[in-house]
Amino acid sequence: MLNKKYQKLVSILQDMDSVVVAFSGGVDSTFLLKVAVETLGKDRVLAVTADSETYPSSELLEAKELAGKIGVRHQVIETSELAIPGYTENDKNRCYFCKNSLFELLIPVMEEKGFKNVIYGVIADDMNEHRPGMRAAKEKGVRGPLQEANLFKQEIRDLSKRFDLPTWNKPSFACLSSRIAYGEKITKEKLTKVEKAEAYLKALNIRQVRVRTHQKMARIEVEPNDMGIVLENHELISKELQAYGFQYVTLDLIGYQSGSMNKVLHKRA
């Protein structure tokens, strides 16, 4: 079954002829980029990474290294989500504004460089999640080959391992804005606090972490196996995060959950 899905992905990419890949350096976009290069050749693929306030500098560095490892042309464009009308208000359509702006930047790159398609790393799992960015993709004619091939996250990890991609077991990542509670205004200061707090926790050898913000409170999400690290270092962690500007520091006992901020949207519905 997995081989059939992979062959379908290859067929989809072959039909596209040439592609600009929205490349974040995460599990999904890295695998998509690798398969695009293997299928179309490096001259028919361009990786483009958007560097902005919501994208940690460590992720940008890793994206550059990955593009070099894959052997593909890589272009970094400067963007600012905070300047997008409607974005900082942080309502349920935040991701629509972000993706719409991103695709508006990538399409001219595609046209200028002579490529035929813009693609991004939406996957089958996302079809059951709150993903307003998919609406922006549909409106702009941007395609998601991984989703079209019905590939799920674990399958992408398994295939990535076959390709010897270092991202096969990389923790899932989402933009820093996803850490801020809906309805709470997004600012550069808050994004910086979250980035510093998560970097500090990762330095304690915690694999998967989210620092969700609710006004002055930091709600730490880690996998259950790593809760002991947080508890053992609770005094140091509290002191450090308070130095970043958080007044309260808490540990979520449910543990890490992708898209946990979206729960409030389901309750409102």
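- Identification of the chain as ATP-dependent sacrificial sulfur transferase LarE from Halalkalibacter alkaliphilus is taken from an unreviewed UniProt entry.

## Re the sheet that holds strand S5 (residues 209-214)
Here's step 1: Ordered in space as S5-S6-S7, the three strands form an open sheet in which the pairing is mixed. Each edge of the open sheet is held by one strand with a lone partner, namely S5 and strand S7 (248-251). Geometrically, the sheet is characterised by an average inter-axis angle of 25° between neighbouring strands, direction not taken into account.
Here's step 2: One ladder, built from six bridges, connects S5 with strand S6 (residues 217-222); its direction is antiparallel. Directly across from Arg212, in S6, lies its bridge partner Arg219.
Here's step 3: Seen against the sheet, helix H8 (residues 188-202) touches S5 and S6 and runs at an angle of roughly 145° to S5.
Here's step 4: Most of the contacts of helix H10 (residues 234-243) go to S7, to which it runs at about 135°, and overall it touches S6 and S7.

## A word on the sheet that holds strand S1 (residues 19-22)
Here's step 1: The sheet built from four strands is open, its strands ordered S3-S2-S1-S4 with parallel pairing. Two strands lie at the open edges of the sheet, namely strand S3 (73-78) and strand S4 (117-119), each paired on one side alone. Sheet twist, expressed as the mean angle between neighbouring strand axes with direction ignored, is 25°.
Here's step 2: Note that S1 and S4 share three bridges and pair parallel. Directly across from Val19, in S4, lies its bridge partner Asn117.
Here's step 3: Strands strand S2 (45-51) and S3 of the sheet are contacted by helix H3 (residues 57-70), whose axis makes an angle of about 160° with S3.

## Brief notes about unusual backbone geometry
Here's step 1: A positive phi angle, close to 75°, is found at Asp17, a residue other than glycine.
Here's step 2: The topology assignment puts Asp17 in the loop between helix H1 (2-16) and S1.
Here's step 3: One non-glycine residue, Asn205, lies in positive phi territory at about 75°.
Here's step 4: With respect to the element layout, Asn205 can be found in the loop between H8 and S5.

## So, the pattern of salt bridges
Here's step 1: Tallying each qualifying case throughout the model produces 17 salt bridges.
Here's step 2: Between Arg131 and Asp126 there is a salt bridge, and its shortest N-O distance comes to 3.2 Å.
Here's step 3: Linking Arg143 and Glu148 is a salt bridge whose minimum nitrogen-to-oxygen distance equals 2.7 Å.
Here's step 4: Residue classification places Arg143 among the partly exposed positions, given a relative accessible area of 32%.
Here's step 5: Each member of the salt-bridge network shares a partner with another, and the members are Arg212, Arg219, Glu221 and Asp252.

## Considering the pairing of S2
Here's step 1: When you tally the buried positions in S2, you get six out of seven residues, the bulk of the element.
Here's step 2: Pairing analysis gives four bridges linking S1 to S2, with the strands arranged parallel. For Val20, the partnering residue across the bridge sits in S2 and is Leu46.
Here's step 3: Following the chain from S1 across helix H2 (residues 27-40) to the adjacent parallel S2, one finds a crossover that is right-handed.

## Concerning the UniProt feature "active site" (unreviewed entry) in the chain
Here's step 1: The residues that UniProt annotates with the feature "active site" (unreviewed entry) are Cys175.
Here's step 2: Assignment of secondary structure puts Cys175 in the loop between helix H7 (153-162) and H8.
Here's step 3: With sequence-adjacent residues up to four places away left out, Cys175 is seen in contact with Thr54 and Tyr87.

## Section: the state of the cysteines
Here's step 1: By the definition in use, this model includes zero disulfides.
Here's step 2: This cysteine, Cys98, is not joined by any disulfide, and Cys175 carries the nearest cysteine sulfur, 5.9 Å off.
Here's step 3: Exposure remark for Cys98: the relative accessible area of 14% places this residue in the buried category.
Here's step 4: Looking at the unpaired Cys175, the closest cysteine sulfur is the one in Cys95, lying at 5.8 Å.

Parameters at a glance
- Residues numbered from 1 in each chain as written.
- Predicted model: local features only at pLDDT ≥ 70, side-chain atom pairs only at ≥ 80, totals over all residues.
- Heavy atoms only, no water.
- Pairing = 2+ DSSP bridges.
- Helix = DSSP H or I, 4+ residues; strand = E, 2+ residues; numbered from the N terminus.
- Axes fitted to C-alpha atoms, helices over the stretch in contact; angles between N-to-C directions.
- Contact = heavy atoms within 4.5 Å.
- Salt bridge = Lys/Arg side-chain N within 4 Å of Asp/Glu carboxyl O.
- Buried < 20%, exposed > 50% of the residue type's maximum accessible area, 1.4 Å probe, protein only.
- Right-handed = clockwise from strand over helix to strand, strands pointing away.
- UniProt positions renumbered as here; feature names shortened; annotations may be inferred.
- Disulfide = S-S within 2.5 Å.

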